[in-house]
Amino acid sequence: MNRKELLQKAGMAVAVSGILSTLSAEDHDHSTMTMPTTGKSKYSKAMMAAMHCQLSAEVCLSHCLTELGKGDKSLAACATSTREVISLCESFVKLASQSSAYTKKLANLCIEVCEACAKECEKHAAHHTVCKECRDSCLACVKELKKI
């Protein structure tokens, strides 16, 4: 693992741990400052999958941009699809965390975008580990979002 990959993975780990802390605190009761004994958000698993997908797409996008900078134009479509995934997954998490009435509609759009990204990343998965990881996280996200 080179320094760049190490920094990317470390950044992803820090982001995920922060997200986990946020999710575990989301259902607390301000009046008593204690955690309730019942339930998480009904979208917790889908939100976690979307956050992981977003983070994987961020890493993949960074890799694509680096390669594009070196003149490798074959990753241009991959960069575009990851940018779309980043935007949609972030939006999904925000709406789902609010239990918005639009959560299901956005989940359906997110499924479509994640499936397209997975298809694009599949083209590069054999040669670029980050594309394989992005594809896998997109497919896992799709699986969770279909449960909504």
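Everything in this summary refers to the structure shown in the same document. Since this is a predicted model, take the numbers as computed values, not measurements.

### What about the overall build of the protein?
Link 1 in the chain: A count of helices and strands for the protein gives 5 helices and 0 strands.
Link 2 in the chain: Listing every helix and strand of the protein by position from the N terminus yields α-α-α-α-α.
Link 3 in the chain: Across the 148 residues that make up the protein, the buried fraction comes to 41%.
Link 4 in the chain: Taking all contacts inside the protein whose residues are at least 6 apart in sequence as the whole, residues at least 24 apart take part in 65%.
Link 5 in the chain: Carbon and sulfur atoms provide 58% of the accessible area of the protein, an area that totals close to 8,600 Å².

### Focus on the nonpolar core
Link 1 in the chain: The biggest cluster of nonpolar side chains holds 36 residues, and the ones touching the most others in it are Val 85, Cys 89, Phe 92, Cys 114, Cys 138, Cys 141 and Leu 145.
Link 2 in the chain: Put simply, the parts of the chain that give this core at least two residues each are helix 2 (44–69), helix 3 (76–97), helix 4 (103–122) and helix 5 (129–145).
Link 3 in the chain: Here this core takes 10 residues from helix 2, the largest share from any one element.
Link 4 in the chain: Beyond its immediate chain neighbours, meaning those up to four positions away, Cys 138 contacts Cys 53, Val 85, Cys 114, Cys 117 and Ala 118.

### Focus on the state of the cysteines
Link 1 in the chain: Inspection of every chain in the model, using the stated rule, returns 0 disulfides.
Link 2 in the chain: A disulfide-free cysteine, Cys 89 has its sulfur positioned 3.8 Å from the sulfur of Cys 110, the nearest such atom.
Link 3 in the chain: Cys 89 sits in the buried class, given a relative accessible area of 0%.
Link 4 in the chain: In this model Cys 117 remains outside any disulfide bridge; the closest cysteine sulfur is found in Cys 138, 3.9 Å from its own.

### Topic: unusual backbone geometry
Link 1 in the chain: Its identity is not glycine, yet Ser 99 carries a phi of approximately 50 degrees, on the positive side.
Link 2 in the chain: Note on placement: Ser 99 falls in the loop between helix 3 and helix 4.
Link 3 in the chain: Take Ser 99: its relative accessible area is 45%, and that puts it in the partly exposed class.

### Concerning the pattern of salt bridges
Link 1 in the chain: Scanning all chains against the criterion turns up 8 salt bridges.
Link 2 in the chain: Arg 135 is paired through a salt bridge with Glu 122; the nearest N and O atoms lie 2.5 Å apart. Here the residue Arg 135 occupies a position in helix 5, and Glu 122 occupies one in helix 4, the gap between them amounting to 13 residues.
Link 3 in the chain: Take Arg 135: its relative accessible area is 15%, and that puts it in the buried class.
Link 4 in the chain: The residue Glu 144 makes a salt bridge to Lys 147 at a minimum N-O spacing of 3.1 Å.
Link 5 in the chain: Residues joined by salt bridges that share partners form a network here, namely Glu 122, Lys 132, Arg 135 and Asp 136.

### Let's talk about the side chain of Arg 135
Link 1 in the chain: Side chain to side chain, Arg 135 and Asp 136 meet in a polar contact 2.7 Å long.
Link 2 in the chain: Those residues within four positions of Arg 135 in sequence are excluded, and the remaining contacts are Ala 118, Cys 121, Glu 122 and Ala 125.

### A few points about the side chain of His 63
Link 1 in the chain: With respect to the element layout, His 63 can be found in helix 2.
Link 2 in the chain: On the accessibility criterion, His 63 (16% relative accessible area) is buried.
Link 3 in the chain: Among residues more than four places away in sequence, those in contact with His 63 are Leu 75, His 128 and Val 130.

### So, the environment of Leu 61
Link 1 in the chain: Examined against the element boundaries, Leu 61 turns out to sit in helix 2.
Link 2 in the chain: What makes Leu 61 buried here is its relative accessible area of 11%.
Link 3 in the chain: Sequence separation between Leu 61 and Ser 81 is 20 residues; the distance between their C-alpha atoms is 8.8 Å.
Link 4 in the chain: Leu 61 has contacts with Ala 79, Thr 82, Arg 83 and Ile 86, leaving out every residue within four places of it along the chain.

The rules behind these values
Residues numbered from 1 in each chain as written. Predicted model: local features only at pLDDT ≥ 70, side-chain atom pairs only at ≥ 80, totals over all residues. Heavy atoms only, no water. Helix = DSSP H or I, 4+ residues; strand = E, 2+ residues; numbered from the N terminus. Buried < 20%, exposed > 50% of the residue type's maximum accessible area, 1.4 Å probe, protein only. Contact = heavy atoms within 4.5 Å. Areas by Shrake-Rupley, 256 points an atom, 1.4 Å probe, with all protein chains shown as cover. Core = buried A, V, L, I, M, F, W, Y, C linked by side-chain atoms within 4.5 Å. Disulfide = S-S within 2.5 Å. Salt bridge = Lys/Arg side-chain N within 4 Å of Asp/Glu carboxyl O. Polar contact = N/O pair within 3.5 Å; in protein donor to acceptor, adjacent residues only side chain to side chain.

Don't take any of this as a statement about function, it's just geometry.
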